[in-house]
Amino acid sequence: PSSTSLLGWGPDPVFSPSTVTSSTPLTPDIVSLTVDYGGRVDEFTKAGQYVQVRAPGSNDDKAVAYLAVSAAPRDAKESGTLDFIVKRSDSTAYLFEGGGPRSLSVSQPMGSGFGASDVLRGYPDFPVSRFVLACTGTGISPVASLLRSGELELGGGRGAKL
């Protein structure tokens, strides 16, 4: 693994080799990726976390993409993979090239994620039983992770819909 300090946010990223195991085009400029994250999947603990991704062998800090994980932590632990919804950009173009497995470097999961269930359970008398979450484009990734995690199913008919 290699380490590079970027932007001074949180811990320095530690990049490890990973492999794209599945790539499904959603539009010409958006792809759904599944990445074999190997033994590091236990580090992904909360919906809303993200990783830094770059082409293998690259040490160019400007070529790093910040990708929110769209899988739920429990699903990632079961499969050993992380899912992403990625928009084409200068730092992600190589993820759209070719088919089949491809290598990339992925950091440890970063960010504190969402503590949505803790916040919502703090308001048991909140007068709304269902609420709606809205997001657009690839911004759906962290929200999809949150919904898939089950954190927003609060019991008693309370929960969220996308």
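Residues numbered from 1 in each chain as written. Predicted model: local features only at pLDDT ≥ 70, side-chain atom pairs only at ≥ 80, totals over all residues. Heavy atoms only, no water.

(A) Expanded view of the packing of aromatic side chains. Using the criterion set out here, one finds one aromatic pair in the structure. The interplanar angle of 45° and the centroid separation of 6.1 Å between the aromatic rings of tyrosine 50 and tyrosine 66 together place this pair among those described as tilted. Residue tyrosine 50 is located in strand β4 (residues 50-54), and its partner tyrosine 66 is located in strand β5 (residues 65-68); the two are separated by 16 residues in the primary sequence. Given a relative accessible area of 19%, tyrosine 50 falls into the buried group. Of the residues examined, tyrosine 66 reaches a relative accessible area of 35% and is grouped as partly exposed. Directly above the ring of phenylalanine 96 sits arginine 88, whose terminal nitrogen or CZ lies 4.2 Å from the centroid. (Phe/Tyr/Trp six-rings, centres within 6.5 Å; stacked < 30°, edge-to-face > 60°. Helix = DSSP H or I, 4+ residues; strand = E, 2+ residues; numbered from the N terminus. Buried < 20%, exposed > 50% of the residue type's maximum accessible area, 1.4 Å probe, protein only. Lys NZ or Arg CZ within 6 Å of the ring centre and 35° of its normal.)

(B) Local environment of the confidence of the model for the protein. Chain-level pLDDT for the protein is 78 on average; 74% of the residues reach the 70-or-more range. The low-confidence segment residues 1-7, where pLDDT is below 50, has 23 contacts with residues more than four positions distant or belonging to other chains. (pLDDT = per-residue confidence, 0-100. Contact = heavy atoms within 4.5 Å.)

(C) Spotlight on helix α3 (residues 140-149). The element α3 is largely enclosed, with a buried count of seven among its ten residues. Every buried residue belonging to α3 is among Ser141, Pro142, Val143, Ala144, Ser145, Leu146 and Ser149, and all of these are buried. Where α3 terminates, the next one or two residues include glycine 150, which has phi positive at roughly 85°.

(D) A look at the side chain of serine 105. Note that serine 105 resides in strand β7 (residues 102-106). A relative accessible area of 12% means that serine 105 is categorised as buried. Contacts of serine 105, omitting those with residues within four sequence positions, involve Phe15, Ser16, Gln52, Val53, Arg54, Ala55, Pro56 and Gly57.

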